[in-house]
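Okay, here's what each chain looks like letter by letter:
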Amino acid sequence: MTKDADAFRQLPSVDEALRSVAGAAAAERFGRSATIASLRRALSDARRAIEDGATAPRDAGEIAARAAQLLEQEATPTVRAVFNLTGTVIHTNLGRALLAEAAIEAATQAMREAVALEFDLTNGKRGERDALVRGLLCELTGAEDATIVNNNAAAVLLTLNTLAKGREVIISRGELIEIGGAFRMPDIMARAGAKLHEVGTTNRTHEKDYAEALSDRTGLILKVHTSNYRVEGFVAEVKAPALARLAREHDVSLVNDLGSGTLIDLSQFGLAHEPTVAEAVREGAALVTFSGDKLLGGPQAGFIVGRKELIARINRNPLKRALRVDKIRLAATEATLRLYRDPERLVEKLPTIRLLARSKDDIEAMARALQPAVSRTLGDALETRVVDLSSQIGSGALPLETLASAGFAIAPREKHGAGRRLAELASRLRALPIPVIGRIEKDSLILDLRCLESAEPFLENLSKLAP
Ligand SMILES: *Cc1c(COP(=O)(O)O)cnc(C)c1O
């Protein structure tokens, strides 16, 4: 008891700690208020430690150093760059598409300056923010009109709410998808105020199923790209052209939610053919919805393209105001779309396409060049082998398609407790200044190098690995 009381008395006051060399340096760097708040925390931690009979910093300098450490931790941004070595190129949990330099420049400029966002520079009158990307979207998709919102989930919500509020939406049971992050078609439909009318079965839906469901209560027919799965075997789906014809005959609209949506034929890069937005428009959908930050390679956004009078109705919906995008993303979107005017140079300019198109030979050569240094850094207890891998596109685009890739399989030489050692290694890699994110597969930690474009920063970062 008396020992405790002594220990408490030895603790400095906030003011004393602030006047210490470390305290003054922290105040200079982080500001006086923040430093005082942190000193209070350090002092109360020390008091608690004394109560628990643990060792605690005692003098003013030690308390100030502890406070500075806390401030340092808090100053690390929580939105941090990581090395995505998961093998999934468009990784939703790691922020999806990396933007093109042109998009980054445009966004930065828009952040720094006033921009003609809703201002028509030709006549000096109020303009419309969608006009900034409408022309490009129409040109690249062949649609009559286009609009942009926060993301594709918003595009679907807004479309359903505008065209089918209080009405039925006919959709195949096989297309009632759930996408990660709780995007479930039936829930979105309910929130949009539309009534779900499912037709067909999980594996087979026929034209007559749709035809029988059509009535004067129908708001629209919805076709959804089953982005993240495939039903194989005894299956039947009704293709968009047939649905478009059926919809027209009954004077309702076909809406095609493409999900990822690509603007170019990916087969030129050795990938499977994914329906393009232009194809979906040509197939007769009244509206097509797709994402900005999946295969398209831009910032988060959702696009709705299609018939003029429908887009006009969507733009009049008050929800549109709640779902609109800001100037930063509009600028980045415009710059990204512009790159598609020069498809031959997309591989060079658009990171998403560049990473998807990157050859296995190139990736493997990099892995071989890095192997000795990586192996040395990781130490003798771990074996680092160069292996063939399969990358994935991610974000539900071409879910069964894999891309031949290469990278490292890292495994503990001592098999006893290998699982724990692997988890430890993964955790040490995540604790690096730039966290390295791989995946654990069987008995190895896998680092797929597809998304690693330059070796130097990677090695420099890895050299800081904690023992
Ligand atoms: C990804 C996806 C969505 C949601 O798009 P976000 O841009 O993530 O909001 C909707 N529908 C389909 C078919 C998708 O693949």
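In case you missed it, the structure is sitting above this.
Asker: Even after reading the chapter, I still don't get the pattern of salt bridges, so can you show me in this structure?
Answerer: Applying the stated criterion across every chain yields a total of 31 salt bridges. Measuring nitrogen to oxygen at the nearest pair gives 2.9 Å for the salt bridge that ties Arg9 to Asp6. You can see Arg9 and its partner Asp6 sitting in helix H1 (residues 2-10), 3 residues apart, about one turn around the helix. Accessibility expressed as a relative area gives 64% for Arg9, which makes it exposed. Exposure remark for Asp6: the relative accessible area of 41% places this residue in the partly exposed category. Close ionic contact of Glu168 with Arg217 constitutes a salt bridge, the shortest N to O distance being 3.0 Å. With Glu168 in strand E3 (residues 168-172) and Arg217 in the loop between helix H10 (207-213) and strand E7 (218-224), this residue pair connects regions lying 49 residues apart in the sequence. Residue classification places Glu168 among the buried positions, given a relative accessible area of 11%. Sharing partners across several salt bridges, the network here consists of Glu118, Arg126, Arg129 and Arg324.

Asker: I'm lost on the environment of Val169 in this one. Help?
Answerer: Looking at the element boundaries, Val169 is found in strand E3. Taking the relative accessible area as the measure of exposure, Val169 reaches 0% and is therefore buried. Between the C-alpha atom of Val169 and that of Arg217, which follows or precedes it by 48 residues, the distance is 8.9 Å. Apart from the residues lying within four places of it in its own chain, the contact partners of Val169 are Leu160, Ala164, Met189, Ala194, Lys195, Leu196, His197, Leu220 and Leu222.

Conventions we followed
Residues numbered from 1 in each chain as written. Predicted model: local features only at pLDDT ≥ 70, side-chain atom pairs only at ≥ 80, totals over all residues. Heavy atoms only, no water. Salt bridge = Lys/Arg side-chain N within 4 Å of Asp/Glu carboxyl O. Helix = DSSP H or I, 4+ residues; strand = E, 2+ residues; numbered from the N terminus. Buried < 20%, exposed > 50% of the residue type's maximum accessible area, 1.4 Å probe, protein only. Contact = heavy atoms within 4.5 Å.

Any link to function would need more than the numbers given here.
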